[in-house]
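# Structural features, examined
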Amino acid sequence: DQYIQSTWINLANEQKTGVDIFCSFTPQHWLSATLIQGVGWKSTKADEYFMHTTKGWFYTGGLMTSFFFDTKRRWSANITARSNSREKDVNKVLYAHYNIDFGVQYKLLKDRLCLNLSCLNLWASHIKGKEYLSNNTIDFNHHLNYRQFRLSLTYNWGSGLRHSRKQYSNEELKERVVNDF
(Lines give C-alpha, C1' and ligand atoms only; values in the text may rest on other atoms or scores of the structure.)
Protein backbone atom coordinates (compact mmCIF):
# COMPACT_ATOMS: atom_id res chain seq x y z
CA ASP A 1 0.00 0.00 0.00
CA GLN A 2 1.52 3.32 -1.14
CA TYR A 3 0.79 6.76 0.19
CA ILE A 4 1.42 9.89 -1.92
CA GLN A 5 1.15 13.37 -0.45
CA SER A 6 1.05 16.44 -2.67
CA THR A 7 1.36 20.01 -1.52
CA TRP A 8 0.37 22.90 -3.75
CA ILE A 9 2.47 26.02 -3.42
CA ASN A 10 2.50 29.31 -5.25
CA LEU A 11 5.64 29.52 -7.33
CA ALA A 12 5.36 33.29 -7.71
CA ASN A 13 3.74 36.31 -6.14
CA GLU A 14 2.97 39.03 -8.70
CA GLN A 15 1.94 42.59 -7.89
CA LYS A 16 1.00 45.29 -10.38
CA THR A 17 0.42 48.95 -9.64
CA GLY A 18 -0.40 51.49 -12.28
CA VAL A 19 -2.41 54.39 -13.60
CA ASP A 20 -4.63 54.53 -16.68
CA ILE A 21 -5.71 57.81 -18.25
CA PHE A 22 -8.67 58.13 -20.62
CA CYS A 23 -9.08 61.31 -22.63
CA SER A 24 -11.92 61.77 -25.11
CA PHE A 25 -11.92 64.76 -27.42
CA THR A 26 -13.58 66.04 -30.58
CA PRO A 27 -11.17 68.48 -32.25
CA GLN A 28 -13.36 68.79 -35.37
CA HIS A 29 -17.02 68.03 -36.06
CA TRP A 30 -15.88 65.21 -38.35
CA LEU A 31 -13.39 63.64 -35.90
CA SER A 32 -13.85 62.01 -32.51
CA ALA A 33 -11.01 60.35 -30.59
CA THR A 34 -10.29 58.59 -27.31
CA LEU A 35 -6.73 58.30 -26.06
CA ILE A 36 -5.94 55.61 -23.48
CA GLN A 37 -2.54 55.54 -21.80
CA GLY A 38 -1.35 53.41 -18.94
CA VAL A 39 1.89 53.04 -17.04
CA GLY A 40 2.69 50.78 -14.15
CA TRP A 41 5.17 48.88 -12.05
CA LYS A 42 5.20 45.11 -11.92
CA SER A 43 7.06 43.09 -9.32
CA THR A 44 7.19 39.31 -9.30
CA LYS A 45 8.84 37.39 -6.50
CA ALA A 46 9.56 33.73 -7.02
CA ASP A 47 11.53 30.89 -5.55
CA GLU A 48 14.92 31.27 -7.26
CA TYR A 49 15.15 27.49 -7.64
CA PHE A 50 12.14 27.50 -10.00
CA MET A 51 12.04 30.92 -11.64
CA HIS A 52 13.59 34.37 -11.81
CA THR A 53 12.43 37.25 -9.61
CA THR A 54 11.62 40.25 -11.80
CA LYS A 55 10.54 43.86 -11.51
CA GLY A 56 10.11 46.70 -13.94
CA TRP A 57 7.94 49.31 -15.61
CA PHE A 58 5.37 48.59 -18.30
CA TYR A 59 3.36 50.76 -20.67
CA THR A 60 0.10 50.26 -22.56
CA GLY A 61 -1.49 52.68 -24.94
CA GLY A 62 -4.28 53.01 -27.41
CA LEU A 63 -6.01 55.47 -29.67
CA MET A 64 -9.56 54.99 -30.95
CA THR A 65 -10.66 57.42 -33.66
CA SER A 66 -13.87 57.90 -35.62
CA PHE A 67 -14.05 59.92 -38.83
CA PHE A 68 -17.50 61.11 -39.91
CA PHE A 69 -18.06 61.73 -43.60
CA ASP A 70 -21.46 63.46 -43.42
CA THR A 71 -23.16 65.90 -41.06
CA LYS A 72 -25.68 63.32 -39.79
CA ARG A 73 -22.82 60.97 -38.88
CA ARG A 74 -24.22 58.09 -40.87
CA TRP A 75 -21.02 57.29 -42.77
CA SER A 76 -18.00 56.77 -40.57
CA ALA A 77 -14.62 55.06 -40.42
CA ASN A 78 -12.92 53.80 -37.29
CA ILE A 79 -9.24 53.26 -36.64
CA THR A 80 -8.00 51.70 -33.41
CA ALA A 81 -4.30 51.39 -32.56
CA ARG A 82 -2.91 49.58 -29.50
CA SER A 83 0.63 49.10 -28.22
CA ASN A 84 2.29 47.39 -25.27
CA SER A 85 5.83 47.82 -24.03
CA ARG A 86 8.28 45.06 -23.19
CA GLU A 87 7.12 43.12 -20.16
CA LYS A 88 8.94 40.61 -17.96
CA ASP A 89 7.33 37.80 -16.06
CA VAL A 90 8.81 35.10 -13.83
CA ASN A 91 9.45 32.75 -16.73
CA LYS A 92 9.25 34.90 -19.87
CA VAL A 93 10.00 38.20 -21.55
CA LEU A 94 7.46 39.54 -24.01
CA TYR A 95 8.82 42.22 -26.33
CA ALA A 96 6.91 45.33 -27.33
CA HIS A 97 4.06 44.73 -29.77
CA TYR A 98 1.25 46.62 -31.49
CA ASN A 99 -1.82 46.18 -33.69
CA ILE A 100 -4.11 48.41 -35.75
CA ASP A 101 -7.76 47.72 -36.64
CA PHE A 102 -9.86 49.51 -39.29
CA GLY A 103 -13.56 49.59 -40.03
CA VAL A 104 -16.28 51.46 -41.91
CA GLN A 105 -19.87 51.85 -40.84
CA TYR A 106 -23.10 53.06 -42.41
CA LYS A 107 -26.34 53.78 -40.51
CA LEU A 108 -29.73 53.95 -42.17
CA LEU A 109 -33.45 53.75 -41.35
CA LYS A 110 -33.24 56.55 -38.78
CA ASP A 111 -30.03 55.04 -37.35
CA ARG A 112 -31.81 51.78 -36.45
CA LEU A 113 -29.94 49.68 -39.04
CA CYS A 114 -26.15 49.61 -38.97
CA LEU A 115 -23.93 47.97 -41.58
CA ASN A 116 -20.33 47.47 -40.47
CA LEU A 117 -17.28 46.12 -42.29
CA SER A 118 -14.08 45.83 -40.27
CA CYS A 119 -10.60 44.37 -40.45
CA LEU A 120 -8.92 43.35 -37.20
CA ASN A 121 -5.11 43.19 -37.14
CA LEU A 122 -4.81 45.09 -40.38
CA TRP A 123 -1.24 45.85 -39.30
CA ALA A 124 0.22 43.95 -36.38
CA SER A 125 3.62 43.04 -35.06
CA HIS A 126 4.70 39.50 -34.37
CA ILE A 127 4.61 38.34 -30.77
CA LYS A 128 8.27 37.91 -29.86
CA GLY A 129 10.01 37.01 -26.64
CA LYS A 130 11.92 34.51 -24.56
CA GLU A 131 10.66 31.80 -22.25
CA TYR A 132 12.76 30.26 -19.49
CA LEU A 133 12.08 26.65 -18.57
CA SER A 134 14.44 24.93 -16.13
CA ASN A 135 17.88 25.51 -17.61
CA ASN A 136 16.59 26.15 -21.14
CA THR A 137 15.82 29.39 -22.92
CA ILE A 138 13.30 29.36 -25.76
CA ASP A 139 13.23 32.26 -28.22
CA PHE A 140 9.84 32.61 -29.90
CA ASN A 141 8.48 34.68 -32.76
CA HIS A 142 4.79 33.91 -33.27
CA HIS A 143 3.24 34.84 -36.59
CA LEU A 144 -0.25 34.27 -35.22
CA ASN A 145 -1.52 37.80 -35.82
CA TYR A 146 -3.96 36.80 -38.49
CA ARG A 147 -6.26 39.30 -40.14
CA GLN A 148 -9.95 38.95 -39.47
CA PHE A 149 -12.60 40.44 -41.70
CA ARG A 150 -16.02 40.99 -40.20
CA LEU A 151 -19.26 42.01 -41.81
CA SER A 152 -22.12 42.77 -39.45
CA LEU A 153 -25.67 43.97 -39.82
CA THR A 154 -27.36 45.24 -36.65
CA TYR A 155 -30.93 46.41 -36.20
CA ASN A 156 -32.11 48.25 -33.08
CA TRP A 157 -35.74 47.24 -32.41
CA GLY A 158 -36.28 49.40 -29.32
CA SER A 159 -36.35 53.12 -28.97
CA GLY A 160 -33.36 55.01 -27.66
CA LEU A 161 -33.09 56.04 -24.05
CA ARG A 162 -35.06 59.11 -23.19
CA HIS A 163 -34.17 61.16 -20.18
CA SER A 164 -36.70 63.49 -18.66
CA ARG A 165 -35.37 66.31 -16.62
CA LYS A 166 -37.31 67.47 -13.59
CA GLN A 167 -36.72 70.90 -12.24
CA TYR A 168 -37.71 71.97 -8.78
CA SER A 169 -37.94 75.49 -7.53
CA ASN A 170 -36.29 76.49 -4.30
CA GLU A 171 -39.70 76.76 -2.58
CA GLU A 172 -40.68 73.22 -3.64
CA LEU A 173 -37.46 71.82 -2.18
CA LYS A 174 -37.99 73.66 1.10
CA GLU A 175 -41.56 72.33 1.30
CA ARG A 176 -40.40 68.74 0.68
CA VAL A 177 -37.78 69.01 3.42
CA VAL A 178 -40.29 70.42 5.92
CA ASN A 179 -42.91 67.77 5.08
CA ASP A 180 -40.40 64.92 5.40
CA PHE A 181 -39.76 65.74 9.06
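In this report, the structure presented in the accompanying data block is examined.

Reading guide: rules and limits
Here the residue numbers are simple positions, counted from 1 along each chain's written sequence. Local features in this predicted model are restricted to residues whose pLDDT is 70 or higher, and side-chain atom pairs enter the listing and the counts only when it is 80 or higher, whereas totals over whole chains, interfaces and linings include all residues. The side-chain quantities take in all heavy atoms of the structure and omit both hydrogens and water. When DSSP locates at least two bridges between a pair of strands, those strands are taken to pair. Each helix corresponds to a stretch of at least 4 residues labelled H or I by DSSP, and each strand to a stretch of at least 2 residues labelled E; elements are numbered beginning at the N terminus. Pairing of N or O atoms within 3.5 Å defines a polar contact, subject to two protein rules: one partner must be a possible hydrogen donor and the other a possible acceptor, and residues neighboring in sequence count only if both atoms are side-chain atoms. By definition, a salt bridge exists where a carboxyl oxygen of Asp or Glu is found within 4 Å of a side-chain nitrogen of Lys or Arg. Any residue under 20% of the maximum accessible area for its type is buried, any over 50% is exposed, and the rest in between are partly exposed; the area is computed with a 1.4 Å probe on protein chains only.

Let us look at the sheet that holds strand S10 (residues 136-142). Spatially, the four strands line up as an open sheet ordered S5-S6-S9-S10, and their pairing is antiparallel. The open sheet has two free edges, formed respectively by strand S5 (87-88) and S10, since each of these has just one partner strand.

Now for the side chain of Ser 85. Note on placement: Ser 85 falls in the loop between strand S4 (75-84) and S5. Reaching out from Ser 85, the side chain makes a polar contact with the backbone nitrogen of Tyr 59 at a distance of 2.7 Å.

The full count for this structure, using the stated rule, is five salt bridges. Notably, a salt bridge pairs Asp 101 with Arg 82, separated by 2.5 Å at the nearest N-O pair. Of this pair, Asp 101 sits in strand S7 (residues 97-108) while Arg 82 is found in strand S4, placing the two residues 19 residues apart along the sequence. Under the relative-accessibility criterion, Asp 101 is labelled buried at 10%.

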